[in-house]
Amino acid sequence: MSEDTPEGNTKPSIKSAFKPGKGLEDAPVLFKPDEMDIYVNKITLEAYIFHGKPVEQDIERFEYDPDDHMVTVVKKDGTIMNLGVKIQWLVRPYFTRAQEVGIVRTKDGETLDGFYVPMIHKRKKDTV
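Residue numbers run consecutively from 1 along every chain, following the written order of its sequence. Residue-level local features of this predicted model are given only where pLDDT is at least 70; pairs of side-chain atoms are given and counted only at 80 or more, and the full residue set underlies all totals for whole chains, interfaces and linings. Think of the side-chain values as coming from all heavy atoms in the structure, minus any hydrogens and water.

### Description of the pattern of salt bridges
Between side chains of opposite charge, a pair can form when the charged atoms approach closely.
Here is step 1: When a carboxyl oxygen of Asp or Glu lies within 4 Å of a side-chain nitrogen of Lys or Arg, that pair is called a salt bridge. Under the definition given, this model contains six salt bridges.
Here is step 2: Lys 53 is the salt-bridge partner of Glu 35, the closest N and O atoms lying 3.6 Å from each other. On the criterion of sequence distance, the pair formed by Glu 35 in the segment before strand E1 (36-40) and Lys 53 in the loop between strand E2 (47-51) and strand E3 (59-65) is long-range, its members being 18 residues apart.
Here is step 3: Each residue's exposure class comes from its accessible area (1.4 Å probe, protein chains only) as a fraction of the maximum for that residue type: buried when under 20%, exposed when over 50%, partly exposed otherwise. Note on Lys 53: relative accessible area 32%, which makes it partly exposed.
Here is step 4: Ionic pairing is found between Asp 113 and Arg 105, a salt bridge with its closest N-O pair at 3.0 Å.
Here is step 5: Here the residues in one salt-bridge network are Glu 60, Arg 61, Glu 63 and Lys 122, joined through shared partners. Numbering of helices and strands runs from the N terminus; a helix is a DSSP stretch of H or I covering at least four residues, while a strand is a stretch of E covering at least two.

### Considerations on the pairing of strand E7 (residues 110-121)
Here is step 1: Two strands pair when backbone bridges link them, and E3 and E7 are joined in this way by three bridges, in the parallel orientation. Within E7, the position partnered with Phe 62 by the bridge is Met 119.
Here is step 2: As judged from the eight bridges shared by strand E6 (residues 100-107) and E7, these two strands associate in the antiparallel manner. Bridged to Arg 105 within E7 is Asp 113.
Here is step 3: Between any two strands, at least two bridges found by DSSP are needed for them to pair. The turn joining E6 and E7, which pair antiparallel and follow one another in sequence, is formed by two residues; a positive phi near 55 degrees is taken by Asp 108.

### Describing the sheet that holds E6
Here is step 1: Reading across from one edge, E1-E2-E6-E7-E3-E4-E5 is the order of the seven strands in this open sheet, with mixed pairing throughout. Lying at the two open borders of the sheet, with one neighbouring strand each, are E1 and strand E5 (80-86). Across the sheet, the mean angle from the axis of one strand to that of its neighbour is 30 degrees, orientation sign disregarded. Angular values range over 0 to 180 degrees, each being the angle between N-to-C directions of two axes fitted as lines to C-alpha atoms, with helices fitted over their stretch in contact.

### Looking at the environment of Met 81
Here is step 1: Residue placement: Met 81 occurs in strand E5.
Here is step 2: Through-space distance from the C-alpha of Met 81 to that of Pro 28 is 5.2 Å; in sequence the pair is 53 residues apart.

### Focus on unusual backbone geometry
Here is step 1: Of note, the phi angle at Leu 45 is positive, near 65 degrees, even though the residue is not glycine.
Here is step 2: Its location among the elements puts Leu 45 in the loop between E1 and E2.
Here is step 3: Relative accessible area serves as the criterion here: at 22%, Leu 45 is assigned to the partly exposed category.
Here is step 4: Although it is not a glycine, Asp 108 sits at a positive phi angle of roughly 55 degrees.
Here is step 5: Residue Asp 108 is classed as exposed on the basis of its relative accessible area of 72%.

What follows is the structure in structure tokens.
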């Protein structure tokens, strides 16, 4: 029996949303869950990741996978990283339509710096 499924229930629990996605288990992470917040404006579809630690502006693109709700970080040198969190259901409908993501470093509620990263959306795999 899995820790994600209570006895007699085949639906995974919310705990499963915090496990790394397939293929990214061993990839280094860009952020730990407590180092970032994701915000998406549901009208303009502007997506932002607010964080406190410095991040190099060497990210070429993000790749969102709708099957596991994970974001792959592709750096300009070809390095592959895991964003570090799954995109949660509350922001998912809007995040999945964003074409770019603002990476904004903040301190005490003030913006220090930031840059935009293009986002590619992978196609959902057909279920058989």
